[in-house]
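Listed here are the chains, written in short residue letters.
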There are 2 protein chains.
Amino acid sequence: MPASPIRKLVPFAEEAKSKGRKVYHLNIGQPDIRTPEVALNAIRNLEDKVIEYSHSAGIESYRRKMAARYREININVDHTEILVTTGGSEAISFALMATVNPGEEVICPEPFYANYNGFSTAAGVKVVPITSTIDSGFALPDIAEFEKVITPKTRGIIICNPNNPTGYLYSEKEMRRLGEIVKKHDLYLYSDEVYREFCYDGKKHFSAMYLEGLEEHVIMMDSVSKRYSMCGARIGALVTKNRAVLDTALKFAQARLSPPSFGQIAGEAALDTPASYFKEVYEEYIERRDFMVKALNKMPGVKCPSPGGAFYTVVHLPVDDTDTFAEWILREFEYENQTVMMAPASGFYSTPGLGKQEVRIAYVLKKEDLAKAMETLGAALKVYPGRIK
Amino acid sequence: MPASPIRKLVPFAEEAKSKGRKVYHLNIGQPDIRTPEVALNAIRNLEDKVIEYSHSAGIESYRRKMAARYREININVDHTEILVTTGGSEAISFALMATVNPGEEVICPEPFYANYNGFSTAAGVKVVPITSTIDSGFALPDIAEFEKVITPKTRGIIICNPNNPTGYLYSEKEMRRLGEIVKKHDLYLYSDEVYREFCYDGKKHFSAMYLEGLEEHVIMMDSVSKRYSMCGARIGALVTKNRAVLDTALKFAQARLSPPSFGQIAGEAALDTPASYFKEVYEEYIERRDFMVKALNKMPGVKCPSPGGAFYTVVHLPVDDTDTFAEWILREFEYENQTVMMAPASGFYSTPGLGKQEVRIAYVLKKEDLAKAMETLGAALKVYPGRIK
C-alpha cells in the first residue's frame, strides 16, 4: 500500500509542534465530544473477575439490544443478523472478504474514505471509482456512470452515507436509484452508515436496509466510534439479512476469536445514551458547520458546499496542488504562531490527478479553535506562492 | 474456510446443556484464572472523558514499558520495534500480510493452531505442514523434513512455542536448528510466543529473538490474553527488528486505525502484575497438568505426553475416530449427568487423515472439575462402540 498524502504530513506537523507552534487538526475525524457518561460508567463499574473471550459474533445481550434499537428506526433485524466487529474497519474487511474474490471489483463513488482502498488491497479486491464532483455538491453520479464501469468482475457498490469525506447525504431518491442498479446487475450494496445520526437541515437518513426486495444484497456497516465519540473502543457491526454472507463472515470472525470485551460492555451501555446527549452534539455540529462553511466561502477563490451530514467537507482551494499547500502551511507558514493540518483530497480519489485543488476538512474542533484555524487558513491562502487567481 | 471439527460440536454441547447436563469444556483455551487486579483497577479508575483512537502502532507509553519488560528477559528491542495489535490474532495476520504474497507458502509443524490456516487463507497464503508425532512427544521434526518441502515459493516457517495444541516446548538446540534453516534458505521465522511464561519442569523458554544474526528474519507474535488471563482485551503485539516489515505492517495497522484503547490501558497496567500472581498461576497449572497427565495415562489405551509448557496436551485415545467420539460423548453419553467437550485433533493437522485418534485437551479448569471430567472421559472410553483395543 502506498503511504497516503495525509500520512506524509505527520512528521511536518510534529516538526511544527516542536517549534512551539499550535497546530489545528482539521485532518482527522476524532471528535472532541465527550463519550456518554453511561458508557464510561459501565467500564468504571466493571465487576468481571476474568476478561474472557466473548462469542465471536459479539456478546448476545449486546446484539439483542442493538437489534431492538435498529428496529426503532425501522431497520428490521434480529440479533442473529448482526455480527459485532472490531470497529467499522473490520466490518468493511469482513463484508469484502465474505463476498468478493481476489481479482474481482467493487465500485465506489469518489472521493471516498481512503481506507476502503486499504481493506480492498488486503482482500485482493480492486476499487473502481466513479467520480462525483464538487460542482454538484458531490451528489450520486448518474446511473449511466455506474453502468459504464460494471463488468463481469463487479461484485458490488460501496457507499458511505452520510459521506466521509464529502459530508454528502444521499436522498431517498438516490438510494432507490442505487437499489435499482444493484438489483439489475445482481450486486452487493455495501452501505457504511456510521454517520447516520449526523444529518442536518431537517434531512432524514435513508438506510440501505430500507430498500425493499434487496434483503439478500445489502450489507450495512456500522460503528460506535462517531455516534458515541468512542473511536478507541473499536466496536462496529456488520448487519445483513443475507445468511450466506453472515455464515462466511462468522468464519472470519471465529479466526480472530472475538471483538474486544471492554468495548462491547461500553457499547452496550451506550445504547442507553439519553436523547439530550444527541441533541447537544447535533446543535454543536450544526453551529460548527455553519460557522465553517460561511468562513470558507468568504475567502476569495474558496468554494465549500454545505454538507448535509457527517462532520466533514471537501473544499476547493485556489492553489496549484493541495499536497504541496498542506505541506507548505505546516512547514513554511505560521500565523500568530499557529498553523493547520488538512487532508489533501488526492488521497480520497483513486483517479490519478483528481482532487489536486481540494482538501477535506473535519469540523471536529470547538468553535473558538475552528475560528482560529479559519483565520490561519485565510491568511495562508493570501501569501501562498502557488496560489492560483 | 471449512468449519473446524470443534465448531461442528458447538450445537451438540448446547443440546447437552439444554438437557440439564454439565458439560466440562476441555476444548478451549479460556483460562478460569483471574485477571490481575492491577489491570482491572486501571479500567475501573479510568479518568478519560473521550475514548479516542490511539496511535496506530499503540499507545507510546505502553510500547515503551513493554520494551523495557522485554529487555529484562534479554529481548533487546525498543518501542519503535513493537506494534500493538488487536490480539495475537492480528499480529499473525499482519506478519503474514507484510511478508508473504498470495500464492506463496509458509511451513508449519503440525499439529498446529487451527487459526494459522484461517489467517493464511485470508492472506491467500498456503500453509505447508510437516508432521511432528506423539511418539516423539511432538518434538521439532528433523531439518531434512523442512528441506523436503522448501520451494522457491516458501517465505517462512511459523512456530508456536510453547506449542498450542501440543504443549511442547522447543529446546534451545531445536531453536538453533530452526535458525540455521531460516538463514540458509533466507526465510522468515514467525514465532508465536504467547505462552512464554508457561514453561514447566525447570525448562527455560528460548525466544526466537535470541537467535544471533537473524534480526532481519525473526517476527515474534505476542499477546496479553493468556499471560494475564484477559483474552477478551484483544491486545497483542508484533515485535521485530526488521524495519521494512514494521513499515509495511504499520500500513495495515493504519488502515484499521488503532488497537482497542481500553485493552491497551489494561495491558499497560498489567505489566505491573506482581511476581506472586505468576507464581500462583504457575503452581496451579503444574498441579492441574500433573493430575491430568496421570489420570489420562492410567486409562487403558490412552497415551498422553507430559507437556513442557502452555496448558494444552494432545492425547492419543483408543477410538476409531475422535471426530465421531467427540460428537458421541456429547450426544449419546453421560456419566452422573456430566459429559465433556474436547477438540478433535484432526482440526490441528492439515495432512488429511492425521489426528484421527487424538484430541486436544486444555487444562484450564480447576482441579475438582478436571477430576470429574477425567472420570467422565474414562467411563466413556469403556463403553464407546467405536473403541479400538
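Residues numbered from 1 in each chain as written. Chains lettered and ligands numbered in written order. Predicted model: local features only at pLDDT ≥ 70, side-chain atom pairs only at ≥ 80, totals over all residues. Heavy atoms only, no water.

**Q** Give me the lowdown on the relation of the copies chain B and chain A, citing residues and values where you can.
**A** Superposing chain B onto chain A requires a rotation of 180° together with a translation of 0.0 Å along the rotation axis, leaving an RMSD of 0.0 Å. What the superposition gives is, in effect, a two-fold axis relating one chain to the other. Taking the C-alpha atom as reference, chain B places Arg44(B) closest to the rotation axis, 2.0 Å from it. Of the interface residues in chain B, 100% have counterparts in chain A that sit at the interface too, so the contact is made through matching surfaces. (Least-squares fit on C-alpha atoms with pLDDT ≥ 70 in both. Contact = heavy atoms within 4.5 Å.)

**Q** Can you lay out the packing of helix α1 (residues 5–18) of chain B against helix α11 (residues 322–331) of chain B for me, pointing to particular residues and giving the numbers?
**A** Residue and element names in this part refer to chain B. Axis separation between α1 and α11 bottoms out at 8 Å; the angle between their running directions is 15°. In this view, α1 runs roughly parallel relative to α11, as classed from their interaxial angle. Regarding α1 and α11, the two cross each other, and that crossing is right-handed. Residues Pro5, Leu9, Phe12, Ala13, Glu15 and Ala16 of α1 form the contact with α11, whose own contacting residues are Asp323, Ala326, Glu327, Leu330 and Arg331. Within the contact of α1 with α11, the residues separate by chemical class into 7 nonpolar, no polar and 4 charged. (Axes fitted to C-alpha atoms, helices over the stretch in contact; angles between N-to-C directions. Helix = DSSP H or I, 4+ residues; strand = E, 2+ residues; numbered from the N terminus. Parallel < 35°, antiparallel > 145°, perpendicular 65-115°, else oblique. Left-handed = near helix turned anticlockwise from the far one by under 90°. Nonpolar A, V, L, I, M, F, W, Y, C, P; charged D, E, K, R; others polar.)

**Q** Any chance you could break down the pattern of salt bridges for me, citing the residues and the numbers?
**A** Residues and elements named next belong to chain B. Evaluation of the coordinates by the stated rule reveals 62 salt bridges over all chains. Linking Glu327 and Arg331 is a salt bridge whose minimum nitrogen-to-oxygen distance equals 3.0 Å. Pair noted here: Glu327 and Arg331 are both in helix α11, with a separation of 4 residues, about one helical turn. For Arg331, a relative accessible area of 32% corresponds to the partly exposed category. (Salt bridge = Lys/Arg side-chain N within 4 Å of Asp/Glu carboxyl O. Buried < 20%, exposed > 50% of the residue type's maximum accessible area, 1.4 Å probe, protein only.)

**Q** Outline the pairing of strand β10 (residues 338–341) of chain B, listing residues and values.
**A** Residues and elements named next belong to chain B. Residues Gln338 and Val340 line one face of β10 and the alternating positions Thr339 and Met341 line the opposite face, and both faces are buried. Examined bridge by bridge, strand β1 (residues 22–25) and β10 share 4 bridges and lie parallel to one another. Of the residues in β10, the one forming a bridge with Val23 is Thr339. (Pairing = 2+ DSSP bridges.)

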